[in-house]
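# Topology and contacts: notes
For reference, the chains in residue letters:
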Amino acid sequence: QKAEQPPAMSGPPSIAAKGVIFDLDGVLIDSERLIHEVTGAIVKDKFGKTYEPSKFAHLIGRSPPEAVRALIDALELPCTVDEYLEVSQPMLGSAWAQCSDIPGAGRLVKHLHAAGVPIAVATSSFRSALAAKTQAHDWFSLFADRVVTSDDVQRSKPEPDIFLCACEKLGISPKECVVIEDSPSGIIAANAAGCYSVALLTDCVPTEAYDSAAPRERLATLFGADPASWGLPPFGDLVRGTAPRLPPLRLTGTVVKGFGRGSKELGIPTANLPASAYAELLSSTTCGIYHGWAQVDDGPVYGMVASVGRNPYYNNEEKTVEPHILNAFPQDFYGSTLRLLIVGYIRPESNFPSLEALIEAIHGDIARARDALSDPFFQTFRSDEVFVPQK
C-alpha cells in the first residue's frame, strides 16, 4: 500500500534546515531511565541516601564525570568521582542491553536518511559505552562516523562545543541545523551554537527547567515531529492522517473500575487496566492519543482509541491507558480480560479550556480512529497474535 502524503503546511517552515543532530540518551534510546535506576540503587545501597531524579534534571546531558561530581556535592557522598564511576560504570554496562528505542526514533532517523538529509549524533556519553548502548538498534548504523561524544570535545554541554563539532562533521552551518534534545543543558548548548533547538519533553525534567532553557520548539513525542516544518522532506508514511506506531504496543490485563468520569462526565465510557500491571512498559511509552484494536475475553476484535498519559485536563498523577472501545456493550465487563494493540498515533496530549472542548476533541479523535482503522494497512493488525483467535 502506498501511504498518503501529509497535508500541506499551513505556514512557511520555521527554519530552512539542511541537517539534523540528535542527542542519544533520552532522544534516541531510553537509557536515561536506566541511569536513574542505577543511580538510585547506588545512592541508597552504598550510601543510605535518597535520590530523586526530578531534583537533578540539570545534570541530564552533562558528561558522566561532571554529573557525578555534582551528585556527590549535592548529596554529600563520601567518595571521589573515580570511586563512584568504578561502581556505576559496570552496573550501567550490564544494563545497556535493556535500552529500548525512544518511540518514533527509528522512524524519524530512517526517514531522514532515506531522504538524503545529513544526520549526526552529539552525546555526552563516553565513546566506550556507545557499542553496548546501541547494539540492539540497527538503524543507529545510519549515522556512520557522524557521532560526537564527550571524549571528542574539551567542554561538554551546556557549552556549544559538541554541536559545533557535529555541524563541522556534517559540513553544515549551525543556523541550518536542527538539534533534538531532551535535556535543558543540551538545549542551552544548541542555542549557544546557533542551532534550531527542539526539546523532546521528558517526565524527568520539570516544565520550568525547559522554560529557562528556552527551546525554539517542543515535542511531546517524536511521532509529533514534522520535518516539513523544518524545511525538510515530509514523512511519507502517514495513513489516513495518523502515524503508524511500530512495533505495536501490546497490553493485556483484567478490566478494573477507572476514574468514573468516562461515562458520567464525558459520555464516553472507557475500559481500564490496573496501572501497576503495565507501569514499566508505560515508562518508555510517550504520552499521546493513539488508536488500535481491542478484544474483551475471547469476543470480537473492535477498534479503539486510547489516551496514554496523565490527561492534563484532569492532572492525573500517574501515567495510565484509558481506552474507549468503538462498540456499544450492553453491560459493564469488569473482571474480564482486555487485550489491547496500539498501532497508530493521532496527536499529543493537550489541556483544554473547558470540559466541552475536551469532549469535542475526544469525538474528533474517535472519528479519526474509525477512519484510520478502516484502512487496509491497519486492518491487517486485527488478527495480531495478542488476540484470541475467533472460533
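The notes below deal with the structure included here. Everything numeric in this text was worked out from a predicted model, so none of it was measured.

Quick look at the pairing of strand S5 (residues 196-200) now. The side chains of a regular strand alternate between the sheet's two faces. The element S5 is extensively covered by neighbouring structure, given that five of its five residues are classed as buried. By the alternation rule, side chains of S5 split into Tyr-196, Val-198 and Leu-200 and Ser-197 and Ala-199, which are all buried. Here strand S4 (residues 177-181) pairs with S5 via four bridges, running parallel. Pairing of Ile-180 across the sheet is with Val-198, part of S5. Each parallel crossover has a hand, and for S4 linked through helix H7 (residues 184-193) to S5 it is right-handed. Pairing between S5 and strand S6 (residues 217-219): three bridges, direction parallel. Bridge pairing links Val-198 to Glu-217 in S6. Crossover connection from S5 via helix H8 (residues 207-213) to parallel S6: handedness right-handed.

Turning to the sheet that holds S4, a few remarks are in order. An order of S3-S2-S1-S4-S5-S6 is seen for the six strands of this open sheet, with the pairing classed as parallel. Whereas interior strands pair on both sides, the edge strands pair on one side only; in this sheet they are strand S3 (147-148) and S6. Packed on one face of the sheet, helix H6 (residues 161-170) meets strand S1 (19-22), strand S2 (119-122), S3 and S4 and runs near 155° to S2. Strand contacts of H7: S4 and S5, with the helix running at about 170° to S5, the strand carrying the most contacts.

To continue, consider the sheet that holds strand S7 (residues 243-254). One open sheet holds the five strands; their spatial order is S7-S11-S8-S9-S10, and the pairing between them is antiparallel. Of all the strands in the sheet, just S7 and strand S10 (320-325) have a single pairing partner and so form its edges. Adjacent strand axes in the sheet meet at a mean angle of 30°, parallel and antiparallel pairs treated alike. In this sheet, S10 lies alongside strand S9 (residues 301-309) in antiparallel orientation, the contact comprising six bridges. Across the sheet, residue Val-308 finds its bridge partner in S10, namely Val-321.

Criteria and thresholds
- Residues numbered from 1 in each chain as written.
- Predicted model: local features only at pLDDT ≥ 70, side-chain atom pairs only at ≥ 80, totals over all residues.
- Heavy atoms only, no water.
- Buried < 20%, exposed > 50% of the residue type's maximum accessible area, 1.4 Å probe, protein only.
- Helix = DSSP H or I, 4+ residues; strand = E, 2+ residues; numbered from the N terminus.
- Pairing = 2+ DSSP bridges.
- Right-handed = clockwise from strand over helix to strand, strands pointing away.
- Contact = heavy atoms within 4.5 Å.
- Axes fitted to C-alpha atoms, helices over the stretch in contact; angles between N-to-C directions.

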